[in-house]
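Fold and contact review
Here is how the chains run, residue by residue.
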Amino acid sequence: MRRVFNYSSIDSINTDQMYPGKYVYQDFDINHLFEDLDPEFIKKVKPGDIILAGKNFGYGSSREQPVVGLKKVGIKAVIAKSFARIFYRSGINQGLLLIESPEAVEAYKEGDGVEVDSKEGKIRVGKNTFQFPPLPVELQEILKDGGLLAHIVKELK
Amino acid sequence: MKAKTFIRKLLERKVGREVQEGEIVFVEPDILMMHDNAGPIVKKLEVMESEIGRKIKVKYPKRVVIILDHVIPADKQEDALNHQKIREFVKAQRIKNFYDIGRGICHQVLPEEGFAVPGGLIVGSDSHTCTYGAFNSFACGIDRTEAAGVLATGKMWLKCPRSYKIELYGKFRKWTGAKDLILNIIGILGADGATYKAVEFHGPAASGLPISDKMTLANMSVEMGAKIGVFPPKNSGIWASAMACYEKNFAFDLDAISPQVACPHRVDNVKNVEELWKVKVDQCLIGTCTNGRYEDLEIAAKILFGKKVASGVRLLILPASRKVYQKAASTRVISTLLTSGAVILPPGCGPCLGAHQGALAPGEVCLSTANRNFKGRMGCKKAEIYLASPATVAASALTGRITDPREVMR
């Protein structure tokens with residue numbers, strides 16, 4: 001079963017906690033991902049895992065290493081009560097599925113399975129199902145191409 | 001004719017048609033600002049180049065502004081390599097608006113050089129790009145990947161957000177100022193209080209504030225999640241209709257603002273300064289894109305004049321730019337600060353983001369005029385960071401504990 005990392009009890013988790021500033025001008029090192037938030041995360045995370053978060057997830061600096069890292073370790077989706085603006089854009093830019101659904105986050109109880117169907121726009125939490133609206137069409141294209149760079153490469157080719 | 005907010009009017013002018021709130025539009029920014037992260041951004045361009053099999057020419061080199069400020073002078077060889085890469089890129093792409101180390105913090109230098117124009121659309125690979133709202137620009141931060149996209153294509157998407165109106169009345173009392181006001185606002189609204197909203201500053205006090213105060217307020221708008229924080233234009237520019245509709249309205253009386261402090265580890269954990277008199281400080285920092293301007297150094301010098309920094313306390317000063325530094329040197333502000341025992345660092349971001357300079361040891365406390373007090377922000381997650389105005393930081397440097405500047409200057 002996919003693991004669910006539940007950080008929803010804390011609001012406004014910032015990108016400094018997710019990837020400290022002292023590393024942002026060094027080569028990207030996945031081992032620092034979530035270092036000041038949850039040092040256990042990088043040891044436990046596996047492709048397909050899901051993150052639950054509170055309000056304003058990804059607050060603060062515009063650094064994109066947190067989103068790049070989450071994409072790299074294979075996080076399937078981050079479901080949050082809300083996202084910080086630049087972080088949300090980074091999700092689209094890296095092709096990482098970020099879903100705003102306070103209902104789904106609040107419904108989660110320890111041990112519940114969480115499944116996401118992005119085509120149908122559905123999240124299943126335990127026995128409950130929640131609908132989430134699709135991304136605007138203009139942005140779906142970017143996500144479909146696997147992120148902004150791939151999207152631009154297609155355009156420039 | 002419908003009454004419209006600033007952001008709707010600006011986006012409509014940009015795309016030449018009506019724009020609704022919530023709508024996504026594609027725009028060509030007037031300016032793309034980058035700092036030391038131009039190096040990693042160039043690497044992203046190189047990834048794209050290898051995939052399309054040819055070199056990419058920057059779409060609009062004249063719209064690109066690069067200012068080195070984050071780790072200056074280079075701290076380690078990898079920083080030197082990064083700066084070298086940026087200098088080579090600037091040469092190869094004929095980017096004229098390049099400001100090498102020593103010119104100052106990007107958010108100070110860009111306006112000094114006249115790029116923050118009223119009604120302009122500026123994006124930057126830094127979250128505090130919103131500072132240029134002080135000049136009536138639409139300005140917001142983007143990430144590295146998106147900056148690479150703007151370099152290559154000259155365009156990006158923007159969603160038209162809903163707006164908040166903050167009206168300002170009255171006049172600051174002595175030894176209180178814009179930093180106290182914005183901390184007060186963030187304390188009330190919360191770190192997510194304006195997430196994704198365009199914040200407009202209105203009222204007689206908003207137009208009347210000096211530009212340094214407007215910059216402090218616009219700068220920290222992102223700390224409550226705002227996309228932009230914008231002030232009315234001085235002369236010509238774009239401004240909201242008087243009857244525009246806002247999602248929320250707030251009003252603040254400047255006379256009622258007292259010195260405020262944001263306590264660890266959240267910017268919205270705001271208290272009145274007098275509640276914190278027991279907190280001892282090891283390091284005091286005056287500078288950054290929030291509070292490193294001449295007016296900030298001047299108020300610190302007034303408080304420190306003829307006095308000495310308390311023993312056991314390190315006071316670090318970072319003028320926001322070379323111009324600020326020169327002015328402060330010519331008016332004896334710098335000599336006053338030096339005589340008091342301060343350490344003056346070169347104009348740049350310095351210790352604010354924990355990449356170099358002024359790092360903290362476990363258990364230490366720093367009182368800073370910066371905009372973020374996140375755990376680990378200054379390089380050590382077992383240290384504590386408090387945020388306050390230049391006046392409060394200067395007063396606290398004298399006593400060695402968090403101190404009300406009104407108490408010291410009584």
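Structure shown above.
Below is a short write-up of the structure. (Residues numbered from 1 in each chain as written. Chains lettered and ligands numbered in written order. Predicted model: local features only at pLDDT ≥ 70, side-chain atom pairs only at ≥ 80, totals over all residues.)

The number of helices and strands found in chain A is seven helices and seven strands. Scaling as 2.2 N^0.38, a compact globule of 157 residues should have a C-alpha radius of gyration of about 15 Å, and chain A matches this with 15 Å. Each principal axis of the C-alpha distribution contributes one length, and for chain A these read about 45 × 35 × 25 Å. (Helix = DSSP H or I, 4+ residues; strand = E, 2+ residues; numbered from the N terminus. Rg over C-alpha atoms; globule rule 2.2 N^0.38 Å.)

Turning our eyes to something else, we now look at the pairing of strand 6 (residues 138–141) of chain B. Residues and elements named next belong to chain B. Because side chains alternate across strand 6, one face comprises the buried residues Phe138 and Cys140, and the other comprises Ala139 and Gly141, equally buried. Bridging between strand 5 (residues 121–124) and strand 6 involves four bridges; their strand directions are parallel. If you follow Val123 over to strand 6, its bridge partner there is Cys140. (Buried ≥ 20, exposed ≤ 12 C-beta atoms within 10 Å, placed from the backbone. Pairing = 2+ DSSP bridges.)

In this section: the interface of chain B and chain A. In this assembly, 43 residues from chain B lie in contact with 34 residues from chain A. Secondary-structure elements contributing two or more residues to the side of chain B that touches chain A are helix 2 (38–52), helix 3 (77–92) and helix 5 (144–153) of chain B. At seven residues, the largest contribution of residues to the side of chain B that touches chain A is made by helix 5 of chain B. Across the side of chain B that touches chain A, the residue classes break down as 14 nonpolar, 13 polar and 16 charged. (Contact = placed C-beta atoms within 7 Å. Nonpolar A, V, L, I, M, F, W, Y, C, P; charged D, E, K, R; others polar.)

This paragraph deals with the pairing of strand 2 (residues 50–53) of chain A. Residue and element names in this part refer to chain A. Here strand 2 shows no split at all, with Ile50 and Leu52 on one side and Ile51 and Ala53 on the other all buried. Relative to strand 2, strand 1 (residues 4–7) runs parallel, the two being bridged by four bridges. Counterpart to Val4 in the pairing with strand 2 is Ile50. Both strand 2 and strand 3 (residues 77–80) contribute to a ladder of four bridges, which runs parallel. Counterpart to Ala53 in the pairing with strand 3 is Ala80. Once you follow strand 2 into helix 3 (residues 65–72) and on to strand 3, the crossover reads as right-handed. (Right-handed = clockwise from strand over helix to strand, strands pointing away.)

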